[in-house]
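Structural overview for review
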Amino acid sequence: MPLDPDEMSADSGATPSVWAEGPGLADSFAAWMLPMAGFAGLVVAILPPLLYGVMAWERLERQALVHAEHMAQALSDVARHQPYLWMYNAHKVLEATASHKTIQDLGAARIVKCDGEMLFSSRELGLGSGGIDGPVGWAPIRGPRATVAWVKVTMDSRPQVRVARQIGLGSLLIGVLLGGALFIIPTRVVRRQARQLEKTLTRLEATEAELVKSNRVLQERVEEATQELKELSRRVVSIQEEERRRIARDLHDGLGQMLTAMRFELERPGDEGGALALSQQVLTELRRIVRDLRPVELEVMPFVEVLRNYTERFEERTGTLTSFRVRGEMRFSDETAVCILRVVQEALTNISRHAQASEVGISLTCEEERVTLEVFDDGVGFDLEAPSEGLGLRSMKERFRFLGGTLTIAAEPESGTRIRGVIPLEEPVDDST
Ligand SMILES: Nc1ncnc2c1ncn2[C@@H]1O[C@H](COP(=O)(O)OP(=O)(O)OP(=O)(O)O)[C@@H](O)[C@H]1O
Ligand SMILES: [Mg+2]
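Residues numbered from 1 in each chain as written. Chains lettered and ligands numbered in written order. Predicted model: local features only at pLDDT ≥ 70, side-chain atom pairs only at ≥ 80, totals over all residues. Heavy atoms only, no water.

1. Some points on helix α9 (residues 334–355)
Its 22 residues place the ends of α9 30 Å apart at the C-alpha level, agreeing with the 32 Å of an ideal helix rising 1.5 Å per residue. Q356 lies just past α9 and shows a positive phi near 50 degrees. (Helix = DSSP H or I, 4+ residues; strand = E, 2+ residues; numbered from the N terminus. Expected span 1.5 Å × (residues − 1).)

Printed below as a string of structure tokens:
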């Protein structure tokens, strides 16, 4: 299955055209089946009468020979004693052999001279009706020294021809029926199957088109996500730079100024009190800078307390009423704790910068399988669809997604903002954070 949509659409275009342009499967099969069925019908129609005809002809030929030999034998007996007169008694001799008259299917019996001249015709001998075509048998009439004439017996083949004709009619009927059945039944089955196949093909084409569409959408999403990721990386780098500048500023403007002032104080003899007070300020400033750099509190304080302290400081700093509620026992990894802390920090920074809220709520719920964080305010809200240069919200989502969770934002202009994030807890972590 090609993943490139263009490649796929090219393929999907090629498949139906083969079906559309070429002859249908059922038609091809019918064209192939027609001569086969016709041939089978013809064989069934012709073979029985043909076989019967050949066998009947051979039987009549044998009969003709037997009868001719029988008659010739009787006449030979006379000819041996009466070499010249036998022919005048020939019909009497044959009459005496009474069985000759009752020969079944006898067409004609003649006596022919050795030179081919007719000696006695059928009528003269009183045997058969003459003028009949059929299998012939010859037998010699032998005199004392040599053959004096020939007996020629012709069998009447008309009764057998009649029977063969009847067999032929019957087998023709069977042949036509068989040929018809051989053609119609498989062709119908194939036609039905071809229709099913066409339906399946149509469904397949529709599915393929759907697949191409989904693939395109998927590609667009991948491109969007890649773009977002690039932007995020750029933003991370610029935040790092910004952070370094801020630290440098803090060190220069805060600690630097204070240390310079302290040096002046120390240079003035007898005024240790001022230097002492300044050194205390330096220490406080140093602590503030360090606290802002990384959540070291996590190493010395339980996570919930760190969060509570942070929200209290937020309330003090902004004057916004802030409630903090915790449910369940906080048992999750350090990574999850840092993620939640950073998201709360960004959400509160956004509230102080954009929301103009009078009340803020933070709720953290830890259950067996998940930990849920909610941050909401009653501020001005915003339009989620409006384009934004900021990366705070996106970075929040990324942090949750990175830990296998999800983060959703609900906001409307003038209706406040609610952020809800869930992180699944696959297995309980032993060390309490
Ligand atoms: N609690 C809130 N109340 C009102 N508007 C908000 C709130 N949170 C976010 N916004 C709006 O959403 C926008 C995007 O927020 P986001 O945090 O992504 O970026 P930012 O705060 O403008 O910049 P930064 O990248 O520094 O965070 C903000 O510019 C603001 O208009
Ligand atoms: Mg922000």
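From this point, the narrative continues.
2. Some words on the site of ligand 1
In the region of ligand 1, 16 residues are neighbours, and R235, N350, H354, L391 and L393 sit closest. At a separation of 2.8 Å, an oxygen atom of ligand 1 approaches a polar backbone atom of L391. Relative to its unbound accessible area of 600 Å², ligand 1 is 82% covered by the protein chains. Breaking the shell around ligand 1 down by element, the ones donating at least two residues are α9 and α10 (392–402). Ranked by residues supplied to the shell around ligand 1, first place goes to α9 with six residues. Across the shell around ligand 1, the residue classes tally to five nonpolar, seven polar and four charged. (Near = heavy atom within 4 Å. Polar contact = N/O pair within 3.5 Å; in protein donor to acceptor, adjacent residues only side chain to side chain. Areas by Shrake-Rupley, 256 points an atom, 1.4 Å probe, with all protein chains shown as cover. Nonpolar A, V, L, I, M, F, W, Y, C, P; charged D, E, K, R; others polar.)

3. Quick word on the coordination of the magnesium ion (ligand 2)
Listed as protein donors to the magnesium ion (ligand 2) are E346 (OE) and N350 (OD1); their distances from the metal cover 2.1 Å. With E346 and N350 both in helix α9 and four residues apart, the pair spans about one turn of that helix. Residue class for E346 comes out partly exposed when judged on its relative accessible area of 23%. Judged by relative accessible area, which is 16%, N350 ranks as buried. (Donors = N, O, S within 2.8 Å, 3.2 Å for Na, K, Ca; no water. Buried < 20%, exposed > 50% of the residue type's maximum accessible area, 1.4 Å probe, protein only.)

4. Notes on the sheet that holds strand β1 (residues 106–113)
Read from one edge of the open sheet, four strands run β2-β1-β4-β3, paired in antiparallel fashion. With partners counted over all chains shown, the strands left at the sheet margins are β2 (118–120) and β3 (136–142), one partner each. On average, each strand axis in the sheet is inclined to that of its neighbour by 35 degrees, with strand direction left out of account. Pairing geometry for β3 and strand β4 (residues 147–155), over seven bridges, is antiparallel. (Pairing = 2+ DSSP bridges. Axes fitted to C-alpha atoms, helices over the stretch in contact; angles between N-to-C directions.)

5. Looking at a negative patch on the surface
Side chains of E220, E223, E224 and E228 sit close together on the surface and give a patch of like negative charge. The class of E223 is exposed, set by a relative accessible area of 53%. (Patch = residues over 30% accessible without salt bridge, like charges linked within 9 Å, V, L, I, M, F, W, Y side chains within 5 Å. Salt bridge = Lys/Arg side-chain N within 4 Å of Asp/Glu carboxyl O. Lys, Arg positive; Asp, Glu negative; His and termini not counted. Charge placed at Lys NZ, Arg CZ, Asp CG, Glu CD.)

6. Some points on the nonpolar core
Counting residues in each nonpolar core, the largest one holds 36 residues, and the members touching the most others are F303, F332, I340 and L373. Membership of the second largest hydrophobic core comes to 27 residues, among which are A68, L119, I141 and V153. (Core = buried A, V, L, I, M, F, W, Y, C linked by side-chain atoms within 4.5 Å.)

7. Comments concerning the environment of S214
Take S214: it is sitting in helix α5 (residues 158–267). Classification of S214 as partly exposed rests on a relative accessible area of 41%. A distance of 2.7 Å separates a polar atom in the side chain of S214 from the backbone oxygen of E210.

So yeah, pure geometry; function would need other evidence.
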